[in-house]
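# Structural features, examined
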Amino acid sequence: GASRDSIFHDNSYMFGFLPGVDDKKKDLYTSILRIATQLDNGWDPSSTPDERPCGRMGCRPTLRFAEISNSCRSAWREVTMKYFPESSPCEKISREASDDTLRLILRRLKSNNVTLLELNSLELSEIHSITKIMEALDFNVHALICPAMVLSSDFAQMALFGWWQSSYILDGAPWVETHGGAPGEYSGMSSEEFARRYYAAWRATPTYRAAAQFAAFCALSQSIELAASLDSQEVAQQLHNISLQEFYGTIRFGLTGLVNMPYVTVQAPGVERRGLRGKPQVVYPAQTSSAPFVFPKPTWKQLSCRIKHACFGNGQCTVSGGCECDKGWFGTKCDEPETVHELLSISQNESGKIQKLLSMSNESIQELLLMTGAEESAEPEDVIELRTFAIWAAIVMASISLVMCLWRGCRCRSRLVVTLLDMLAEAVSREDHDAIARARLRLAICGWSRQTTGSLVRGIRQRQSEESGISLSYLLSDQFLELAQRRSGVEDPTFYELGDVFFSKDQGIGALDVCPRDGRIGCAFVDTLPPKYRKASTHFLSWAWSYKVSTVREALESWLSTQEGTRAEDVFLF
């Protein structure tokens, strides 16, 4: 991903379209320093120190760098010290380093308050192990840097298969397909258009090398046109003088013929509920960015919260892994609507007030009279009157409660309860949280406790999961075909080839989701689908794992054509 300056010094006919190797670290470190400075300068003066992005001390003052590498080079160390004077010595590890060794190193770095960690010249399996151990140790850093990794296909595959600890890892590159900016002056294409046309031609995602070669073609073509000649010297002179704005970047060469353009800072996609979404994004510099720079990186507990339940979309995961609920929602996971919360809390509070009043001693009642403005010399009969009032209030409240119970009995006949339970089951199947809240509220009015309706919702989800079938319309859709091709890497995979990438415990779809059947991590593929694609099974399907996806789809289409009046949307296969 970089060029060596030395090969360009004595050759006026050689031009390099990859930036210099020494600039890669410099540009990446510069982007971190600048975002840290921007955050520090952008503090709200009225905010408390704990509300600041990087804590009380701020971002830049707390930047402490460390590196784990298979080859700790002195030249790299010099660059690091220039940008981050507060740096720990490079931790050199062997290729066979055990998890115990890595754990020991990471504990030491955590105790040294390291906030920037670079994993350099490591295998992807080593990076995977390190991030898992960091999560287990709750070792949080402002940024995690993995050079030459984020854009690799292996990195993307591991993230797709459940490696959520890879979220927001940083890397540097000359170009990525999400590179922003205006369309090229010569090509007329944006990065997105180039990537789309490249994929259409080669059925592969373009790398920065492909973009660099195409940029070289554009620069050479324009230089030939400007020179109006094929003479090497005249064309080379035009290349030396060129300043061409392309989707790849501004093509301009230094004295040696090496392109004079910065690296962009790339950030791996972040975690969402049910896995990682999207592609690596350009986050710096601003003029070519395609997404905001996420800094500091969310804590491990915050990321875990996002992937497990994400506060059910009714709040934000906090750095401690809890939920900060939006207005109108309560509960540790923001899954309790305000109406149910208020109903239950009012009932409990009023009951507590009566119990407290009845249990008060004479002395306590006298103190209450003094606090409310009564004379200090309150007579015993005043105390008796107050206690009598409390007793009558209790009798009235008990009478009201009895009437309410009788009224509930009239209102909540078995037929109504059955209707409400059907409404709740339908709302759960649609994952309609508002409808679930309304059904629970009406059941609460009928005397059902929050714990009971909560258990009921869990039971409905369990039963629906056990009875669910997958929609025929989904199996015949382009969406399913593209998913099978992308995960298997095969144009027409067999179900054997889909086995690990779809259904395995560690890498399968749903490996990180909560199972509705037992409440544990790891659920069936059908449970990850939108509600319209999973309902009670209507047909049983038997097939062999050796069949190709195309064979099964063609057989299903053929069968459907013989079922007069049957729609694919109404068929759910077990």
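Residues numbered from 1 in each chain as written. Predicted model: local features only at pLDDT ≥ 70, side-chain atom pairs only at ≥ 80, totals over all residues. Heavy atoms only, no water.

Along the protein, the regular secondary structure elements total 19 helices and 18 strands. Expressed as a percentage of its 574 residues, the buried residues of the protein come to 41%. Within the protein, contacts between residues separated by at least 24 positions form 62% of all contacts whose residues are at least 6 apart in sequence. (Helix = DSSP H or I, 4+ residues; strand = E, 2+ residues; numbered from the N terminus. Buried < 20%, exposed > 50% of the residue type's maximum accessible area, 1.4 Å probe, protein only. Contact = heavy atoms within 4.5 Å.)

Moving on, we get to helix α7 (residues 208-227). Over its 20 residues, α7 runs 28 Å from end to end, which matches the ideal 28 Å to within 8%, given 1.5 Å per residue. Within α7 the residues assigned to the buried category are Tyr208, Ala210, Ala211, Ala212, Ala215, Cys218, Ala219, Ser221, Gln222, Ser223 and Ala227. Just downstream of α7, Ala228 is the residue with a positive phi angle, here 50 degrees. (Expected span 1.5 Å × (residues − 1).)

Further remarks concern the pattern of salt bridges. Once their charged atoms are close, side chains differing in charge can pair, the charge on each being opposite to the other. Scanning the entire structure with this criterion turns up 13 salt bridges. Here the residues in one salt-bridge network are Arg95, Glu123 and Glu126, joined through shared partners. (Salt bridge = Lys/Arg side-chain N within 4 Å of Asp/Glu carboxyl O.)

On to the nonpolar core. One finds Ile68, Leu106, Leu117, Leu119, Met134 and Phe139 to be the most contacted residues of the largest nonpolar core, which totals 38 residues. Within the residue set of this core, elements represented by two or more residues are β1 (65-69), α3 (99-111), β3 (116-120), α4 (124-137), β8 (264-267) and α9 (300-308). Broken down by element, this core gets its largest block of residues, six residues, from α4. Discounting residues that sit within four places of it in the chain, Leu117 has contacts with Ala66, Glu67, Ile68, Leu106, Leu109, Met134, Phe139, Val141, Ala143, Leu144 and Ile145. Tyr474, Val501, Phe525 and Val526 belong to the second largest nonpolar core, which has 25 residues in total. (Core = buried A, V, L, I, M, F, W, Y, C linked by side-chain atoms within 4.5 Å.)

Attention now goes to the environment of Leu421. Relative to the elements of secondary structure, Leu421 occurs in helix α13 (residues 414-430). On the basis of relative accessibility, which here comes to 26%, the residue Leu421 falls in the partly exposed class. Sequence spacing of Leu421 and Leu443 is 22 residues, and the spatial spacing of their C-alpha atoms is 8.4 Å.

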